[in-house]
Amino acid sequence: MRTPPFLATFAFPCYPRRMISRTAPIFVTGHRGMVGSALVRRLSAAGFENILTATRQELDLRDQTAVDSWFDRERPEYVIHAAGTVGGIHANRSRPADFLYDNLMIHATVLHSACRTGVSKLLYLGSSCIYPRDCPQPIREEYLLSGPLEPTNDAYAIAKIAGLKSCEAYRRQFGCNFISAMPTNLYGPNDNFDLNSSHVVPALIRKFHDARLEGAPKVAVWGTGNPRREFLHVDDLADACLFLMDRYDEAATINVGAGEDLAIRELAELIRDIVYPEAEIVFDSSMPDGTPRKLLDVTRLHARGWRHRIELREGLAAAYQWFCEQQPVATQV
Ligand code: GFB
């Protein structure tokens with residue numbers, strides 16, 4: 001697979017010890033999404049020769065019978081479980097039943113089939129929203145279930161916590177090497193830029209871009225701008241996933257992040273300076289702020305030798321370049 005130009009500069013290290021086979025079949029669920037497509041790029045670049053994927057039309061991951069048949073036929077050796085129904089704060093607040101049902105079903109069927117067919121190793125991807133709304137910062141993995149969740153995404157969080165606990169349960173009962181990682185807020189190519197369902201980075205990239213095309217002087221940022229968020233480029237996450245598949249076999253979940261955060265106001269200014277420096281930022285207090293802060297403690301991952309490589313400003317510029325490359329030529333500026 002040709003490395004897209006905007007990724008050419010993000011050369012990733014080749015970790016010294018290879019722990020999983022590069023020839024055995026490895027199933028990446030959700031391969032068309034932002035995380036799944038980054039995983040396929042990273043695994044291909046690392047020399048994996050047998051990457052298995054299935055579109056939603058080919059395989060409804062909520063259907064246990066269909067998932068069982070697929071696993072019986074394809075017999076993956078490894079699984080990286082990136083599929084899910086995901087979205088930003090507004091989507092989570094508007095569709096809690098969808099987020100709960102879809103994500104519970106998707107991980108239940110995949111983990112059940114993976115255990116039944118003897119998958120050697122599975123990596124389950126959760127989310128930083130699983131941690132209590134007001135836990136100490138930075139958030140350590142052991143803070144899980146130590147307090148109430150953020151109401152705007154508690155349904156999704158419960159589903160992701162169930163997935164994490166399922167990995168532990170299959171390990172305890174059947175000895176499955178199912179590991180789990182909790183990524184922070186992600187951004188990058190193949191993100192969702194729909195303004196009603198997206199996360200903040202793609203939403204602001206789209207808003208500033210459209211405002212510049214239309215000559216609109218102001219751009220509305222939701223909430224107060226005071227909440228703080230940590231952001232990790234999705235290609236760093238994919239690299240961390242390969243690192244964990246090669247070198248992490250513990251039951252405990254592990255945080256994956258950049259280890260630094262900024263206020264939404266500062267993020268908006270960064271994206272404005274990249275996309276539309278003349279724009280005026282206004283804040284829409286009718287929209288929710290959500291969790292005040294969710295900075296992950298990544299000490300355990302750093303101690304094992306992995307660190308992110310794509311800094312936020314550079315990553316945002318690459319994400320905007322990718323976004324522009326997807327626009328019809330007529331609208332590119
Ligand atoms: O990225 P986001 O939607 O999700 O919002 P969360 C982050 C912050 O950006 C919130 C603000 O304080 C939003 O109010 N924000 C400002 C905006 N302008 C916008 C905008 O135009 N669009 C959006 N979407 N936000 C998600 C969870 O929480 O974090 C998911 O809902 C998942 O389930 C994800 O866990 C990692 O960071 O608040």
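Up top is the structure.
Here is a short report on the structure shown in this document. (Residues numbered from 1 in each chain as written. Predicted model: local features only at pLDDT ≥ 70, side-chain atom pairs only at ≥ 80, totals over all residues. Heavy atoms only, no water.)

Another point: the site of the ligand. As a matter of local geometry, the ligand sits amid 22 residues, with I89, S127, K207, P288 and D289 nearest to it. Between an oxygen atom of the ligand and a main-chain N or O atom of D289, the distance comes to 2.5 Å. If the ligand stood free it would expose 700 Å²; the protein chains cover 97% of that surface. Mapped by element, the contributors of at least two residues to the shell around the ligand are α4 (89–94), α7 (200–214) and β7 (218–222). Top element by residues in the shell around the ligand is α7. It accounts for three residues. Of the residues in the shell around the ligand, the class split is ten nonpolar, eight polar and four charged. (Near = heavy atom within 4 Å. Polar contact = N/O pair within 3.5 Å; in protein donor to acceptor, adjacent residues only side chain to side chain. Areas by Shrake-Rupley, 256 points an atom, 1.4 Å probe, with all protein chains shown as cover. Helix = DSSP H or I, 4+ residues; strand = E, 2+ residues; numbered from the N terminus. Nonpolar A, V, L, I, M, F, W, Y, C, P; charged D, E, K, R; others polar.)

Between helix α9 (residues 264–275) and helix α11 (residues 312–326), whose axes approach to 10 Å, the crossing angle comes to 50 degrees. The orientation of α9 relative to α11 falls into the category oblique. With respect to the hand of their crossing, α9 and α11 are arranged in right-handed fashion. The residues of α11 that touch α9, namely those facing L267, L270, I271, I274 and V275, are L312, R313, L316, A317 and Y320. Among the residues making up the contact of α9 with α11, the classes are represented as nine nonpolar, no polar and one charged. (Axes fitted to C-alpha atoms, helices over the stretch in contact; angles between N-to-C directions. Parallel < 35°, antiparallel > 145°, perpendicular 65-115°, else oblique. Left-handed = near helix turned anticlockwise from the far one by under 90°. Contact = heavy atoms within 4.5 Å.)

Among the six residues in strand β5 (residues 178–183), six count as buried, and that is most of the element. Along β5, one buried face is formed by F178, S180 and M182 and the opposite face, lined by I179, A181 and P183, is buried too. Alignment of strand β4 (residues 121–125) against β5, held across four bridges, turns out to be parallel. Looking at the pairing, L125 lines up with A181 of β5. On the question of chirality, the crossover connecting β4 to the parallel β5 by way of helix α6 (residues 154–174) is right-handed. (Buried < 20%, exposed > 50% of the residue type's maximum accessible area, 1.4 Å probe, protein only. Pairing = 2+ DSSP bridges. Right-handed = clockwise from strand over helix to strand, strands pointing away.)

This brings us to the packing of α7 against α11. It is the contact of α7 with α11, at a shortest axis distance of 11 Å, that shows an interaxial angle of 60 degrees. When the axis of α7 is compared with that of α11, the two are oblique. Considering the relative orientation of α7 and α11, their crossing is right-handed. Note on element contacts: α11 touches α7 through L316, A319, Y320, F323 and C324, opposite V201, I205, R206, H209 and R212. Looking at the contact of α7 with α11, its residues break down into seven nonpolar, one polar and two charged.

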